[in-house]
Amino acid sequence: MNYINLLLPSILEGLEVTLSVFFLTLILSIPLGILVALVKLSKIKPLNYLTNIYIWIMRGTPLLLQLIVIFFGLPLIGIIFNRFEAAIVAFVLNYTAYFAEIFRSGIKDIDKGQFEAAEILGFSKWYTFKKIILPQTTKKILPSIANEVITLIKDTSLVYVVGLGELLRAGKIASNRDASLMPLFIVGAIYLILIAILTQIFLRLEKKYSYYR
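Computed from a predicted structure; not experimentally measured.

Participant: Account for the packing of aromatic side chains, naming residues and giving values.
Facilitator: One pass over the full model with this rule turns up five aromatic pairs. Relative to phenylalanine 23, the ring of phenylalanine 22 lies with its centre 5.1 Å away and its plane at 70 degrees, an arrangement referred to as edge-to-face. The class for phenylalanine 23 is partly exposed, based on a relative accessible area of 46%. Relative to phenylalanine 99, the ring of tyrosine 95 has its centre 6.1 Å away and its plane inclined at 45 degrees; by these criteria the two rings are tilted.

Here it is as structure tokens:
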């Protein structure tokens, strides 16, 4: 118990970084993902082309590589981020692309008749999207969103590459220092708890949207 108490400060410090990256990525990438999905579904060909290229690059290259390029590569052309900023930029760009594809497939799956009916009733495009299309889309894509969110909490361990002391790195340092696997078991338990909480949140969300058939 005394050993665990000694580990707690560094573990909690790493957890703070992990949760900061996680929440900021979610807060920024989900709205941006919706926006990119709408742009990709638009009839403006140049924008379609640019979003296709962006999504292709983000989904086709490893997040680890994107972190390295943003933190170590961009300074070569005069674009400099600190460690935390570089992590957030890389994660948001990466996850926006994934969320965009999820939302795009969900929106395309909505019956076109609903768009036409809303137009006949005189609803604005924004009102139609916000009140009719988005709730149904959300219900359809919740399982996919849940998978991405759970992946995100584990992907935060990649920020070690830019020198951030996230949860797993804190556990590794303690494990190497003390020649013990206990810190890694504690870190693993924390990840499991976080994923269990997220799973429960998404189960509640699925119930909330269950009235959309």
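From this point on, the discussion continues.
Participant: An account of unusual backbone geometry is needed here, citing residue identities and associated values.
Facilitator: Its identity as a non-glycine residue notwithstanding, alanine 179 has a phi of 50 degrees, on the positive side. Looking at the element boundaries, alanine 179 is found in the loop between α7 (167–178) and α8 (182–208). With a relative accessible area of 72%, alanine 179 lands in the exposed category.

Participant: With reference to specific residues and values, describe the environment of alanine 146.
Facilitator: Note on placement: alanine 146 falls in helix α6 (residues 125–155). Once the C-alpha coordinates of alanine 146 and leucine 203 are considered, the two residues, 57 residues apart in sequence, prove to be 9.3 Å apart.

Participant: Give me the lowdown on the packing of α6 against α8, citing residues and values where you can.
Facilitator: Running from amino to carboxyl end, α6 crosses α8 at an angle of 165 degrees, the nearest separation of the two axes being 10 Å. Judged by the angle between their axes, α6 and α8 are roughly antiparallel. The handedness of the crossing between α6 and α8 comes out as right-handed. Here α6 contributes Leu142, Pro143, Ile145, Ala146, Val149, Ile150, Ile153 and Lys154 to the contact with α8, which in turn contributes Tyr191, Leu194, Ile195, Leu198, Thr199, Phe202, Leu205 and Glu206. For the contact of α6 with α8, the per-class residue count stands at 13 nonpolar, one polar and two charged.

Participant: Outline α8, supporting the account with residue identities and numerical values.
Facilitator: Three- or four-residue spacings in an α-helix give side chains the same orientation, since the helix completes a turn every 3.6 residues. Between its terminal C-alpha atoms α8 stretches 39 Å, which fits the 39 Å expected from 27 residues at 1.5 Å a residue. Buried within α8 we find Pro183, Ile186, Val187, Ile190, Tyr191, Leu194, Ile195, Leu198 and Phe202. Packing partners of the buried residues in α8 comprise α1 (2–41), α6 and α7.

Participant: Lay out a nonpolar patch on the surface in plain terms, naming residues and giving numbers.
Facilitator: Residues Ile44, Leu47, Tyr49, Leu50, Ile53, Trp56 and Ile57 make up a contiguous nonpolar surface patch of about 730 Å² in total accessible area. Mapped onto the elements, leucine 50 comes out in helix α2 (residues 45–60). By relative accessible area, which is 52% here, leucine 50 ends up exposed.

Participant: Please give an account of the nonpolar core that cites residues and values.
Facilitator: Residues Phe91, Phe99, Ile145 and Val149 are the most contacted members of the largest nonpolar core, which totals 51 residues. Counting residues per element, the ones that place at least two in this core are α1, α3 (63–73), α4 (83–108), α6, α7 and α8. No other element matches the eleven residues that α4 contributes to this core. When sequence neighbours within four positions are dropped, the list of residues in contact with phenylalanine 91 reads Val21, Thr25, Leu63, Leu67, Leu152, Asp155, Thr156 and Val159. Of all hydrophobic cores here, the second largest spans five residues; its members include Val36, Ile55, Met58 and Ala97.

Participant: Requested: an account of the confidence of the model for the chain, with residues and values cited.
Facilitator: Confidence in the prediction for the chain averages 88 pLDDT; 97% of positions are at 70 or higher. Per-element confidence in the chain is highest for α3, whose mean pLDDT is 96, and lowest for helix α5 (residues 112–120), whose mean pLDDT is 72.

Participant: Outline the packing of α1 against α2, listing residues and values.
Facilitator: As a packed pair, α1 and α2 sit with axes 8 Å apart at the nearest point and diverge in direction by 130 degrees. Between α1 and α2, the interaxial angle falls into the category oblique. At the point where α1 passes α2, the crossing takes the left-handed sense. In this structure, α1 uses Val36, Val39, Lys40 and Leu41 to contact α2, whose residues at the interface are Leu47, Asn48, Thr51, Asn52, Tyr54 and Ile55. Along the lines of polarity and charge, the residues of the contact of α1 with α2 split into six nonpolar, three polar and one charged.

Reading the values: rules and limits
Residues numbered from 1 in each chain as written. Predicted model: local features only at pLDDT ≥ 70, side-chain atom pairs only at ≥ 80, totals over all residues. Heavy atoms only, no water. Phe/Tyr/Trp six-rings, centres within 6.5 Å; stacked < 30°, edge-to-face > 60°. Buried < 20%, exposed > 50% of the residue type's maximum accessible area, 1.4 Å probe, protein only. Helix = DSSP H or I, 4+ residues; strand = E, 2+ residues; numbered from the N terminus. Axes fitted to C-alpha atoms, helices over the stretch in contact; angles between N-to-C directions. Parallel < 35°, antiparallel > 145°, perpendicular 65-115°, else oblique. Left-handed = near helix turned anticlockwise from the far one by under 90°. Contact = heavy atoms within 4.5 Å. Nonpolar A, V, L, I, M, F, W, Y, C, P; charged D, E, K, R; others polar. Expected span 1.5 Å × (residues − 1). Patch = residues over 30% accessible without salt bridge, like charges linked within 9 Å, V, L, I, M, F, W, Y side chains within 5 Å. Areas by Shrake-Rupley, 256 points an atom, 1.4 Å probe, with all protein chains shown as cover. Salt bridge = Lys/Arg side-chain N within 4 Å of Asp/Glu carboxyl O. Core = buried A, V, L, I, M, F, W, Y, C linked by side-chain atoms within 4.5 Å. pLDDT = per-residue confidence, 0-100.

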